[in-house]
Amino acid sequence: MLTNIWIVFHKETIDNVRDRRSLFMALIYPFIGALLLGLLLAFVGGMFKRQARVADTTVPISYKLPVHGAEMAPDLVAFLQQNGIEVVPAPLDPRRAVRKGNADIVLVLTNSYEENFKTMQPAKVRVVINASRLSTVLTVSRIVSKLREFADQVSRKRLRELGVPQDAAQPLLIQNDNVGRSRSLAGFFLNMLPPFIIFTIFVGGVYLAIDTTSGERERGSLEPLLANPIPRWQLMFGKALATFLFTLTAVVFQLIAFKIMFEIVTRSDVGVVVNPGSDIFALALLVAAPLIAFAVAIQIIVATVSRSYKETQTYLGLLPLIPSLPGMIMVFIPVKAKIWMMGVPTFSQVLLIGKLMRDEGIRPVETLVSISSTAAVAALLFVLAARLYDRDKLVFGG
Amino acid sequence: MIEVKDVTKSFGSFEALHGVSFTARDGEITGLIGPNGAGKTTTLRILYTVLRPDQGHAVIDGFDAVQQRQEVQRRIGVLPDNRGLYPRLTAREHVRYYGRLHGMDKPVLEARIDELMQQLEMEDIADRRTKGFSKGQTLKVALARALVHEPHNVMFDEPTNGLDISASRAVRALIRSIRDEGRCVLFCSHIMPEVEALCDRIVVIAEGRVVADGTPDELRREAGQRDLEEVFLATVADGRREVA
């Protein structure tokens, strides 16, 4: 029995390794996933890091601020300089410069500024910004708040000179208390890993499942093969094992790609300090393994009952979307894992791999329930696949 | 020996075989002929265990094709109408795959493969991948893998289909040599001269029934025709009339 399964497995493996193009495509996908996520992480992480520095009011900012008419306002320039904002000459057309993104913000002091400031009239300062550029929002608000601070300082000074208690001019004392941490950004990305991995589980070996069943039928090599003295379920299982091997390879490739991606992102100082260890990835693979068997069984069933190669491809092309869906939703709406969820193939793996990646730890009982229930469902599906392989219809499809 | 005993087979509402019975004996070449859609391929498929009969039995060397499927599979070599190859495997690997599935030991198998490559004059293509093989080359590979385990019973569906004259002749020689070794050969063909030249016995099937069964001479005598093609047309027409 084992010899027969091994012979079929061996043949399908050799056959598939020689299919360079399919193999290349199957292994390139996991890398593309990691690459995309890495680039996104580096890009968004870098942006957030810059903004986090700007948003953190305890850290002085250093910024070159273009000011038109700075010579009229030595007090303001001095104040800004004290606060780390260096005043530089403004571009000739401030509106154009900001619209084109050459400057985030430009202050324009109107001609009457000096006069009005001296005579205690409101001195007009025009702040030229582009609110549609989200990346500048924090910088702008920081500078505007500095302007307000300056205005408060001046008004307190004037009130003091007029003999009014300073505090009367400040009815509210507003303090920001931001509890968000930059880690939560990384958490968002870590939530994106499970759907990627689930997707790979369902597409990693799909071409092999199609080729060894629908393809074998369409090629006309199935009929003579079935005349050999080997029970059909062993034939099916040999093919399933080959599909399992190549899916597993794709998943391992993807996990390695993710690990490399995290290493690079952590080292490249984009401010995202998250790097799940190799042990986490090994556990993720353990959690994923029974789901691979589950996916392979479904693929073989679909390939067996489909009428043609094309029909199989259509069905199996849609298939990965369904199991990936819960994972995609959970990227945005995290679900708190309950034990019954561990009984549901795909769903439990999304939850567990997510927890692993976020370093929340998984309980042995959860892992055990997930692995055993998914393995049991996969086994039942293989029994069904074996029954389907035993039908007369196998040679015709349908 | 191949025995078909009152075999019935339907696909949905279509009745492909209605109680087909005949015997193909050892040391004889039995031709299974009939018009398109008569049930030849279905009969063969039941014999080589790919389909199960609804009723009746297909028996090979005394083993039932359903109850003792693997015993039957060990004793048959099959060249189906569908003789697809794996484009990424070499000719030799095709034969090796089937030999291994038949449980042949490596030294025996490798020696047998060499023998077949020589016998079928395919040493030049033995280690080439089969992608792009001509019809003749494809047939040689399919024949080699069907015969690797030296089966006692062989079934060929249209073995010379699409072959050139010299290749067809080589196949006919091979079929005769198998018979001369005392083995049982059952083959389907449309080509009457070929059937006439090769067959010791002829079974004519029409609309899922056996309408004639005998040596070529017996059939000629019964139909009162000298040309086998005329015999064929007459028996098929008679058979149809009886059914109606």
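The rules behind each value
- Residues numbered from 1 in each chain as written.
- Chains lettered and ligands numbered in written order.
- Predicted model: local features only at pLDDT ≥ 70, side-chain atom pairs only at ≥ 80, totals over all residues.
- Core = buried A, V, L, I, M, F, W, Y, C linked by C-beta atoms within 7 Å.
- Buried ≥ 20, exposed ≤ 12 C-beta atoms within 10 Å, placed from the backbone.
- Helix = DSSP H or I, 4+ residues; strand = E, 2+ residues; numbered from the N terminus.
- Contact = placed C-beta atoms within 7 Å.
- Domains from an automatic or database assignment.
- Nonpolar A, V, L, I, M, F, W, Y, C, P; charged D, E, K, R; others polar.
- Axes fitted to C-alpha atoms, helices over the stretch in contact; angles between N-to-C directions.
- Parallel < 35°, antiparallel > 145°, perpendicular 65-115°, else oblique.
- Left-handed = near helix turned anticlockwise from the far one by under 90°.

## Concerning the nonpolar core
Okay, step 1: Ranked by size, the top nonpolar core spans 157 residues in total, and within it Ala288, Ile292, Ala297 and Ile353 of chain A together with Leu47, Met155 and Val204 of chain B carry the most contacts.
Okay, step 2: Broken down by element, the residue count for this core peaks at 18 residues, all from helix 11 (residues 278-305) of chain A.
Okay, step 3: The contact partners of Met155 of chain B, leaving out residues within four places of it in the chain, are Leu44, Leu47, Tyr48, Ile76, Val78, Leu186 and Phe187 of chain B.

## Examining the domain arrangement of chain A
Okay, step 1: Taken domain by domain, chain A comprises domain 1 (2-49 + 182-395) and domain 2 (58-169).
Okay, step 2: Put simply, the middle of domain 1 of chain A and the middle of domain 2 of chain A, counted by C-alpha atoms, are 57 Å apart.

## Some points on the domain arrangement of chain B
Residues and elements named next belong to chain B.
Okay, step 1: The domain architecture assigned to chain B consists of domain 1 (2-75 + 151-243) and domain 2 (84-150).
Okay, step 2: One C-alpha centre belongs to domain 1, the other to domain 2; they are set 26 Å apart.
Okay, step 3: If you look at the interface, domain 1 gives 7 residues, while domain 2 gives 8 residues.
Okay, step 4: A class-by-class count of the residues in the side of domain 1 that touches domain 2 yields 4 nonpolar, 1 polar and 2 charged.

## Some points on unusual backbone geometry
Okay, step 1: With a phi close to 80°, Thr346 of chain A is a non-glycine residue in the positive phi region.
Okay, step 2: One can find Thr346 of chain A in the loop between helix 13 (321-332) and helix 14 (347-357).
Okay, step 3: In this structure, Asp61 of chain B takes a positive phi of about 50° despite not being glycine.
Okay, step 4: For Asp61 of chain B, a count of 17 C-beta atoms within 10 Å puts it in the partly exposed group.

## Section: the interface of chain B and chain A
Okay, step 1: Contact with chain B, which involves 25 residues of that partner, is made by 18 residues of chain A.
Okay, step 2: Those elements giving two or more residues to the side of chain B that touches chain A turn out to be helix 2 (69-74), strand 6 (76-79), helix 3 (91-101) and helix 5 (135-147) of chain B.
Okay, step 3: Among the elements that make up the side of chain B that touches chain A, the one with the highest residue count is helix 3 of chain B (4 residues).
Okay, step 4: Per-class residue counts for the side of chain B that touches chain A are 14 nonpolar, 6 polar and 5 charged.

## A few points about the packing of helix 10 (residues 232-267) of chain A against helix 15 (residues 364-389) of chain A
Residue and element names in this part refer to chain A.
Okay, step 1: Contact pair helix 10 / helix 15: the axes reach a minimum separation of 8 Å and the direction vectors enclose 125°. One finds that helix 10 runs oblique with respect to helix 15. Note on packing geometry: the crossing formed by helix 10 with helix 15 is right-handed. Side by side, helix 10 and helix 15 meet where Arg232, Trp233, Leu235, Met236 and Ala240 of the first sit next to Phe382, Ala385, Ala386 and Tyr389 of the second.
Okay, step 2: Of the residues assigned to the contact of helix 10 with helix 15, the class counts are 8 nonpolar, no polar and 1 charged.

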